[in-house]
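# Remarks on the overall topology
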Amino acid sequence: MAAPVVEAIGLRKTYHLGKVPVEALRGVNLKVEKGDFLAILGPSGSGKSTLLNIIGALDKPTDGKMFIEGVDIFTLNDNQLANLRHRIGFVFQFFNLIPRFTARENLELSMSIAGMSKVERRKRTEDLLGTVGLKDRMRHKPTELSGGEQQRVAIARALANNPSFLLMDEPTGNIDSKTAAEIIGLIKRLNEEKGVTIIMVTHDQRLVSETKRTVHMLDGLFVEENVN
Amino acid sequence: MKALDIFSYSISSIKLRKLRAGLTTLGVVIGIAAIVALLSLSQGFQGSIAAQVQKGFATNTVIVSTQGGSPQATGSDLKLFVNDTQTIDQIGNVTMSVAVIQKSVYLKVGNKTLAVSIVGVDFDKYAEIYSSTFAAESGSIPSSPQNETVVIGKRVNDPWENGTLFSNVNDQAEIIWSTRSGFALKNESYTGVVAAVLKEVGGFSLGGTADSTVYIPLLQAQSFFGSDECNAIIVQLESDSEATIESFTEAIKEAFGDQVSVMSSTAVLDTVSSLFSTIEIFLTGIAGISLLVAGIGIMNIMIVSLMERTREIGILKALGMRGRTVLLIFLGEAIIIGLMGAAIGIASGWGLANVFSMVGFSALGQGLTKGQGLTITPTLTPTVFFGAFAFGLLVSVVFALYPAWRASKLKPVEALRYE
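Scoring rules and cut-offs
- Residues numbered from 1 in each chain as written.
- Chains lettered and ligands numbered in written order.
- Predicted model: local features only at pLDDT ≥ 70, side-chain atom pairs only at ≥ 80, totals over all residues.
- Helix = DSSP H or I, 4+ residues; strand = E, 2+ residues; numbered from the N terminus.
- Rg over C-alpha atoms; globule rule 2.2 N^0.38 Å.
- Buried ≥ 20, exposed ≤ 12 C-beta atoms within 10 Å, placed from the backbone.
- Contact = placed C-beta atoms within 7 Å.
- Nonpolar A, V, L, I, M, F, W, Y, C, P; charged D, E, K, R; others polar.
- Pairing = 2+ DSSP bridges.
- Axes fitted to C-alpha atoms, helices over the stretch in contact; angles between N-to-C directions.
- Core = buried A, V, L, I, M, F, W, Y, C linked by C-beta atoms within 7 Å.
- Parallel < 35°, antiparallel > 145°, perpendicular 65-115°, else oblique.
- Left-handed = near helix turned anticlockwise from the far one by under 90°.
- pLDDT = per-residue confidence, 0-100.

## Digging into the overall build of chain B
- What chain B contains, in helices and strands, is 13 helices and 12 strands.
- Over its C-alpha atoms chain B spans a radius of gyration of 32 Å, topping by over 25% the 22 Å that the globule rule assigns to 419 residues.
- If you line up chain B on its principal axes, its C-alpha atoms span 100 × 50 × 40 Å.
- Here chain B, with 419 residues, has 42% of them falling under the buried criterion.
- Sequence separation of 24 or more characterises 82% of the internal contacts of chain B that already satisfy a separation of 6 or more.

And the structure:
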């Protein structure tokens, strides 16, 4: 049996706002298997984003263990962490595309960071933009794309390096509801048809209802877990 | 991330802010251009002086005089006389010595008068030492000249360089020497015949043949000026090696004491080049300051750029870019700016030097340089070329290091949160 894609054991994270310590995570345990589709819910300040950053290897926990594909991220140096991030597909609420690059260039950039060859980049970019239905828009810059289109480019970019899982932070949080429905459909299809493991933070009930599993967070702890 | 991908990312960042990158580059351009222009002019100047020194001054000849070679450095009571050549000829390694009597006189041809320098010298020996310059363009230099024989330099023949001749071969030329007797000026004169016009020499005359000089036989000079005192003795040595010149100098000191000096072309060139290297250090320093300012400009712009691109750097790091790669992207931008600045700077500095040598110096130095045929051709030596390139690049990179390092150390979570 392969190691879980993500496994967190007793995660703690303490920030210092001035002299006041803030406990963002107070012992979180989480296991995500391949093909899972998980939504993390909770009010703002409950520690969702902190958890997401740690799962995304952008931040290290203060205490506890964090395994990604069986590797303890505590044992990794900065370069190894960077390499690990090639295997994680981030989708942000505010898309975070690089404004000066076209849709195609944004994808290719992500692939070039992972060291993919130019020929492979070309082909893969077109395939992925086809998957999210934006093949005809690939020469457009983010400012020339609608919010929904930008988010689809961002999802394609997250898939660029064939990641072991997608990490989404409010993927529909910044687009209108009609477009959000398209995005939700796309995300669902990725999970069902392509078997992409997805971990997301969201408030969008329509998106939550499509997931396989939800966890509720409050004050840095998981308080409720449901399997849909 | 592959080097080429890093490079093209740097390019795309520069393209995004063309005006800003252009202005930053301009700073480097000005600094490099100033260095290149100043140094290539200075080296060209030095080169043409060296060439002129060598032209009018065979390297195996030295000049013995009581004046240290410069008219200001008097202060010696000792006088050299024509027959001192006999003493000098006794010194080892000496092949020949020629006494030179030099005065300022007026030359009158027809009804025109010209102030010239007159030199009394043994024509045969002088012609042997300065065979390339003491040569007739028209007429001929007689080997056992009559007392009345006069040989004139090109600038006495054609003083205004426009074909209006002052005197020519076979002209009767009256040589007028003004002496003071008490308060009264007394003119002495005799009439000579121009036997030859010398070829144009150009440049300085450090003891050698000069264009604006009239030459008469030594004996005639002795009797006309009524003195055996000579201004200098030109000595030809067996070789131009430093040891030969040095041992000769020692021997002269022994014979005449410390009151005479020996000037060699090597010594003159040494003085010239050490003078110029001092000037060059000074000029490079000044130009270096402008490059320093350019470097601070690069740093300033990079820090602003770092602020603006914090979020972008966060995205790149979230996509798995290494800190080192971020550093290289920023350094890459600085290298591109440095390379462009250096290339444009060298080209425009070179152009500036040429324009300046044509316009500036000919206007500035009409009397000083043109009359003596000294032109400055700017010289861009490989040292200056590559030095300027390396310097431009170095300044750009050094000043980009700090912002690049800061960019590479940004924490992804904080960078992503940055608005």
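## So, the overall build of chain A
- Along chain A, the regular secondary structure elements total 7 helices and 10 strands.
- For a compact globule of 228 residues, the expected C-alpha radius of gyration is about 17 Å, and chain A comes in at 17 Å, within 12% of that figure.
- Principal-axis analysis of the C-alpha atoms gives chain A an extent of 50 × 45 × 40 Å.
- In chain A, which comprises 228 residues, the proportion classed as buried is 45%.

## Things to note about the interface of chain A and chain B
- Counting residues at the interface gives 18 residues for chain A and 15 residues for chain B.
- Top element by residues in the side of chain A that touches chain B is helix H2 (residues 78-85) of chain A. It accounts for 5 residues.
- Residue classes in the side of chain A that touches chain B are distributed as 6 nonpolar, 8 polar and 4 charged.

## Some points on the sheet that holds strand E6 (residues 88-91) of chain A
Residues and elements named next belong to chain A.
- Across the sheet, 6 strands lie side by side as E6-E7-E8-E3-E9-E10; this open sheet has mixed pairing. Two strands lie at the open edges of the sheet, namely E6 and strand E10 (221-227), each paired on one side alone. For this sheet, the mean angle separating the axes of adjacent strands, direction not counted, is 20°.
- Pairing geometry for E6 and strand E7 (residues 165-169), over 4 bridges, is parallel. Residue Ile88 lies in a different strand from E7, and its bridge partner there is Phe165.

## With respect to the nonpolar core
- Counting 118 residues, the largest nonpolar core has Phe165, Leu167, Ile198 and Ile199 of chain A together with Ile32, Val36 and Phe330 of chain B as the members making the most contacts within it.
- No other element matches helix H2 (residues 18-55) of chain B, which puts 15 residues into this core.
- Every residue in contact with Val36 of chain B, bar those within four places of it in the chain, is listed here: Gly345, Ile346, Gly349, Trp350, Leu380, Val384 and Ala388 of chain B.
- Residues Ile118, Ile175, Ala195 and Val260 of chain B belong to the second largest nonpolar core, which totals 52 residues.

## Here's the deal with the sheet that holds strand E2 (residues 20-32) of chain A
Residues and elements named next belong to chain A.
- Read from one edge to the other, the open sheet built from 4 strands follows the order E2-E1-E4-E5, with strand pairing classed as antiparallel. Of all strands in the sheet, those bounded by a partner on one side alone are E2 and strand E5 (71-72).
- Pairing of strand E4 (residues 63-68) with E5 involves 2 bridges; the strand directions are antiparallel. Bridged to Phe67 within E5 is Asp72.

## Here's the deal with the pairing of strand E12 (residues 261-264) of chain B
Residue and element names in this part refer to chain B.
- In E12, alternate side chains face the same way, and those of Ser261 and Met263 on one face and Val262 and Ser264 on the other are all buried.
- Pairing between strand E1 (residues 61-65) and E12: 4 bridges, direction antiparallel. Counted as the bridge partner of Val62 is Ser264 from E12.

## A short note on the packing of helix H5 (residues 147-158) of chain A against helix H6 (residues 177-194) of chain A
Residues and elements named next belong to chain A.
- Relative orientation of the contacting elements H5 and H6 amounts to 15°, with a least axis distance of 9 Å. On the basis of the axis angle, H5 is roughly parallel to H6. Every pair of crossing elements has a handedness; the one defined by H5 and H6 is right-handed. In contact with Gly147, Gly148, Gln151, Arg152 and Ile155 of H5, H6 contributes Thr179, Glu182, Ile183 and Leu186.
- Grouping the amino acids of the contact of H5 with H6 by side-chain chemistry returns 3 nonpolar, 4 polar and 2 charged.

## Focus: the confidence of the model for chain B
Residues and elements named next belong to chain B.
- Confidence along chain B averages 85 in pLDDT terms, with 91% of residues attaining 70 or more.
- Averaged pLDDT values for the elements of chain B fall to 43 in helix H11 (residues 366-370) and rise to 93 in helix H9 (residues 310-318).
- Segment residues 68-73 is flagged for pLDDT under 50; beyond a separation of four residues in sequence, or across chains, it makes 6 contacts in the model.
- For the stretch residues 363-373, pLDDT sits under 50, and the model shows 8 contacts to residues farther than four places along the chain or on other chains.

## Points about the environment of Ala3 of chain B
- Considering the arrangement of structural elements, one finds Ala3 of chain B in helix H1 (residues 3-16).
- Separated by 307 residues in sequence, Ala3 of chain B and Thr310 of chain B have C-alpha atoms that sit 22 Å apart.

## Description of unusual backbone geometry
All names here are of chain A.
- Phi is positive for Ala57, which is not a glycine, with a value near 60°.
- Here Ala57 shows up in the loop between helix H1 (48-55) and E4.
- A count of 24 C-beta atoms within 10 Å places Ala57 in the buried class.

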